[in-house]
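Residue-level listing of the chains:
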Amino acid sequence: MTLSKIEPPEQDNGHMIQIERLSKKYKGADFFSVSDLNLTIARGEIFGLLGPNGAGKTTLISMLSSLLKPSSGAFSINGLNYKENQRQLKQTIGTVPQEYALYPTLTAAENLMYFGSMYGIPKYELKKSIQDHLETLGLSQFANKKINTFSGGMKRRINLIAGILHQPEVLFLDEPTVGVDVQSRNAIIDYLKQINAQGTTIIYTSHHLNEAEEFCTRVAIIDQGTIVCEGQPEELIAQHTNARHLEDVFLEKTGKALRDYA
Amino acid sequence: MRKLTASAYKEVVLLTRDLGGLAVLFLMPLLLVITITLIQDSSFKTIKQNKIPIVLVDNDRGEVSQTILENLRSSKMFKLAESTDEQEVQQQVQNGQYQLAIVIPKNLSSDLNQKVSDNVNGILAQFGAIEDSIPTTIKTVESKEVKLYFDPATQFSFRNSIKSGIDQMVSKIETQSIYKAFQEQITDDPTEKIFDTEPFITFTEIVPNAEEDALIPNSTQHNIPAWTLFAIFFIILPLSINMVNEKNQGTFVRLRTHPVSYAIVLGGKALVFLVVSLIQFTLMLLVGIYLFPLLGLPQLDVSDRLPLLFLVAFFVGLAAVGLGLLVGTIAKSQEQSAPFGATLVVILAAIGGVWVPVFAMPKFMQTLSGLSPMNWGLSAFYDVFLRNVPLKELVPEITLLLLFFVVTTALAIAYYNKKNAV
């Protein structure tokens, strides 16, 4: 399939996302899930947010996707302030949540038609786009099958398509490959690389550190709501003498203690 | 507009994929209205056709008890048995064998005649119209008590109507005894007609109707509006459950990342569920018109009323949908929405006058009733079904229903926006 190239705005400083002192404390919580976080993500990056359970990855992505109100701080995406340009911002971003977030009794095509329509994509264009995406991800023969008959991997791929139908400039993915087989994971990662090559900036969270090491152009390891290290995977590995993989860096920075939380 | 139609289309597909849910949505209200009308109609028939088993213990064996006996026999209401043992019939009534036992006391006829005769003599003596030889002193006659034993399972309203009927019968006998005593004192010829003993005042039921052809209300005409309204409001349940399901599936969360307002999401649901309520209403009418006569129930008469009936149903549907949207927005789980929605509908129906007429409620409840959308809907339906009013007289009720929809939907949107403000 062909994806149209995303052109950067005329006055572009190269920054797609700028986060300034962003914090989030949930009601009744004793600590901040995201604390005073500063981060800049460049246009066209594949940025990995890595961290143990409860580190604040999903909270950060939820705030950037307009799902959660920050307790303090600010951010902008593609120059759009999150408070002032909600509608435009939502048109700019695509979100692939960790849950499947699909209607189980609708077919794949019906789900995608509905979510695509909510972006205001013209019907004919949308139909064509759905066909193309389904074909690329090997699901075209299942277009008219209900989601509740799909395997986990198939649902993940439909979940992904639902987030990219409108060709977002920024794509947020919260553990897009969790619980899927190797084949589905490869298909998803390859497809994300293709999307990124067309100009979409990708921000993704994952617990698969090998996958992140191979896939991401830059990563940030988050723990207890703050960034503990940030850089290109190979740079980070080189900075830590005993590290051969990103996982070694991760364990050195976050420790080996279990992170159970409730 | 495209987003709204896409939302509505998605709701239609979701509904049609859930055949069990659809069946519940359409068949259960029909089952409800059929069951209630059959029961209510049999209550009408209990009075009109089916005879109530009662037993009479006649300890008097006189003229008065004979009159009571004849009146009961000639009444089409009762299947009469006789007994001589008061204790035995008391037990039989307690067991539910008879719904009522009437025990006529000993010497009722003779004592009544004595009492009336003494009173008449006394009056005539006052006017000097009595011979000196007749004693005018009044002997003390103890008052008599007709005992009524009711089956404990009988309803209060039944007891009241029976008591009132017996009371009327006894009063008539007393009056006729007085006339008879006067007649005996004034003339020696018992066939001479001095008094006209027939009731002077009688009652005729006039059905208020602007048109020439008066509509006689029956159980169908009363039940279809009330229970259709009840069923339409029950749409709160599937609608709120639909919304809670979307929250659980994560699709609502996904939609929050889309450039679409909550009003559009609700608009799609409102459109579809409004159509569902109108289909429910149509099915109810069809059942009343075509199925009821086959079940031996009175046929629903909708002649010349269909446009106004659908107009009222439309606004009732809107009010129900508005409430469903609000409940669905606030509820976090099916455990919250289902029991709350069901109980809310029952409460609204109760204070709206679906079970007990508003005029029969305590003052405070009558005031409260004026706040129930079911009351506005019921009044509008009765206005069309039973009073045959023109459109302009429905305006206050349908305006209230429309306002209710606007307010509940606005509250749902405000609540959602407040909860999800970014």
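Along each chain, numbering runs from 1 in the same order as the chain's sequence is written. Both sets of labels track the order of writing: A upward for chains, 1 upward for ligands. Per-residue local features of the predicted model are confined to residues with pLDDT of at least 70, and side-chain atom pairs are confined, for both listing and counting, to 80 or more; whole-chain, interface and lining totals are unaffected and use all residues. Side-chain numbers here rest on the full set of heavy atoms in the structure, without hydrogens or water.

What follows covers the interface of chain A and chain B. The contact definition used throughout considers only heavy atoms, calling two residues in contact when any of these lie within 4.5 Å. Contacts between the two partners involve 36 residues from chain A and, on the opposite side, 23 residues from chain B. Joining two parts hides part of their accessible area as seen by a 1.4 Å probe, and the buried area is that hidden amount summed over both. Summing both partners gives a buried area of about 2,800 Å² for chain A against chain B, and 60% of it is carried by carbon and sulfur. For the chain A face of the interface with chain B, the top three residues by lost area are Leu67(A), Tyr103(A) and Met118(A), together amounting to 25%. Basic side-chain nitrogens of Lys or Arg form a salt bridge, by our definition, when they fall within 4 Å of a carboxyl oxygen of Asp or Glu. For the pair chain A and chain B, the number of links is one salt bridge. For the salt bridge of Glu110(A) with Arg17(B), the shortest nitrogen-to-oxygen distance reads 2.8 Å. Here a polar contact means two N or O atoms within 3.5 Å. Within protein one must be a hydrogen donor candidate and the other an acceptor candidate, and residues neighboring in sequence count only if both atoms are side-chain atoms. At the junction of chain A and chain B, the tally comes to 13 residue pairs in polar contact (both at pLDDT 80 or more). Under the DSSP-based scheme used, a helix requires at least four consecutive residues in state H or I and a strand at least two consecutive residues in state E, with every element numbered from the N terminus. Contributing elements (two or more residues each) for the side of chain A that touches chain B: helix H2 (86-92), helix H3 (108-117), helix H4 (123-136) and helix H5 (152-164) of chain A. Ranked by residue count, the leading element in the side of chain A that touches chain B is H3(A), at five residues. In terms of residue class, the side of chain A that touches chain B is built from 19 nonpolar, 11 polar and six charged. Under the grouping applied here, Gly and all other residues not named as nonpolar or charged are polar, the nonpolar ones being Ala, Val, Leu, Ile, Met, Phe, Trp, Tyr, Cys and Pro and the charged ones Asp, Glu, Lys and Arg.

Moving on to the confidence of the model for chain A. By definition, pLDDT measures how confident the predictor is in each residue, and it falls between 0 and 100. Of the residues in chain A, 92% reach a pLDDT of 70 or more, and the chain-wide mean stands at 86. Considering each helix and strand of chain A separately, the mean pLDDT is smallest for helix H9 (residues 246-254) of chain A, with a value of 80, and largest for H3(A), with 95.

Counted by the stated rule, this structure contains 16 salt bridges over all chains. Residues Arg43(A) and Glu169(A) are paired through a salt bridge, measuring 3.7 Å at the closest nitrogen-oxygen approach. Of the two residues, Arg43(A) sits in the loop between strand E2 (34-42) and strand E3 (46-50) while Glu169(A) sits in the loop between H5 and strand E7 (170-174), which places them 126 residues apart along the sequence. Across the salt bridge formed by Asp301(B) and Arg305(B), the nearest N and O atoms sit 3.6 Å from each other. Beyond isolated ion pairs, a larger network of salt bridges with shared partners links Lys10(B), Glu11(B), Glu246(B) and Lys269(B).

Residues and elements named next belong to chain B. With mixed pairing, the four strands of this open sheet are ordered in space as E2-E1-E3-E4. Of all strands in the sheet, those bounded by a partner on one side alone are strand E2 (78-83) and strand E4 (147-150). Strand-to-strand twist in this sheet, taken as the mean axis angle between neighbours without regard to direction, amounts to 20°. Pairing between strand E3 (residues 100-104) and E4: four bridges, direction antiparallel. Across the sheet, Ala101 pairs through a bridge with Tyr149, a residue of E4. Only the stretch in contact is used when fitting a helix axis, every axis being a line fitted to C-alpha atoms; angles between N-to-C directions are given from 0 to 180 degrees. Running over the sheet, helix H4 (residues 86-94) touches strand E1 (52-58), E2, E3 and E4 and is turned about 30° from E4. Sitting on the sheet, helix H6 (residues 156-186) touches E1, E2, E3 and E4, and the angle it makes with E4 is about 160°. Strands pair, by our definition, only if DSSP identifies at least two bridges between them.

Below, the discussion takes up the nonpolar core. Formed by 133 residues in total, the largest nonpolar core has its most connected members in Leu160(A) and Phe233(B). By residue number, the principal contributor to this core is helix H10 (residues 262-294) of chain B, which donates 15 residues. Every residue in contact with Leu160(A), bar those within four places of it in the chain, is listed here: Val96(A), Leu137(A), Leu171(A), Leu173(A), Ile188(A), Tyr191(A) and Leu192(A). Within the second largest apolar cluster, 27 residues are counted, among which are Leu39(A), Leu49(A), Ile93(A) and Phe172(A). By convention a nonpolar core is built from buried Ala, Val, Leu, Ile, Met, Phe, Trp, Tyr and Cys residues, the set being connected through side-chain atoms within 4.5 Å. Note on exposure labels: buried denotes an accessible area under 20% of the residue type's maximum, exposed denotes more than 50%, and partly exposed covers the range between, all computed with a 1.4 Å probe on protein chains only.

All right, on to the state of the cysteines then. Note on terminology: pairs of cysteine sulfur atoms within 2.5 Å are recorded as disulfides. Summed over all chains, the structure comprises zero disulfides over all chains. Not part of a disulfide, Cys216(A) finds its nearest cysteine sulfur in Cys229(A), a span of 13 Å.

Residue and element names in this part refer to chain B. Along the polypeptide, Lys51 turns up in the loop between helix H2 (19-48) and E1. When its relative accessible area of 49% is taken as the criterion, Lys51 is described as partly exposed. Expressed as a C-alpha distance, the spacing of Lys51 and Pro362, which sit 311 residues apart in the sequence, is 33 Å. If near-sequence neighbours (up to four positions away) are discounted, Lys51 is found in contact with Lys76, Met77, Phe78 and Lys79.

Here the expected length of a helix is defined as 1.5 Å per residue gap, with one fewer gap than residues. With 13 residues, H5(A) extends 19 Å between its outermost C-alpha atoms, agreeing within 8% with the 18 Å of an ideal straight helix rising 1.5 Å per residue. The buried count for H5(A) comes to 12 of 13 residues, which makes it a mostly enclosed element. Along its buried surface, H5(A) packs onto strand E6 (93-96), H3, H4, E7 and helix H6 (182-197) of chain A together with helix H9 (251-256) of chain B.

Before going further, it helps to examine the packing of aromatic side chains. By convention, a stacked pair of Phe, Tyr or Trp rings (six-membered ring in the case of Trp) has centres within 6.5 Å and planes under 30 degrees apart, an edge-to-face pair has planes over 60 apart, and any other such pair is tilted. Counted according to the given criterion, the structure contains 14 aromatic pairs over all chains. Ring geometry for Trp227(B) and Phe230(B): centres 5.1 Å apart, planes at 85°, overall edge-to-face. Separated by three residues within a single helix, Trp227(B) and Phe230(B) lie in helix H7 (residues 219-233), roughly one turn from each other. Note on Trp227(B): relative accessible area 4%, which makes it buried. With a centroid separation of 6.1 Å and an interplanar angle of 80°, the aromatic rings of Phe252(B) and Tyr262(B) are classed as edge-to-face. With Phe252(B) in helix H9 and Tyr262(B) in helix H10, this residue pair connects regions lying 10 residues apart in the sequence. You'll find Phe252(B) and Tyr262(B) in the same group, each marked buried. Connected via pairs of aromatic rings, a cluster forms that spans Tyr103(A), Tyr114(A) and Phe115(A). A positively charged side chain is recorded as over a ring if its NZ (Lys) or CZ (Arg) lies within 6 Å of the ring centre. The angle to the ring normal must also be within 35 degrees. If you follow Lys25(A) out to its NZ or CZ, it ends over the ring of Phe32(A), 5.6 Å from the centre.

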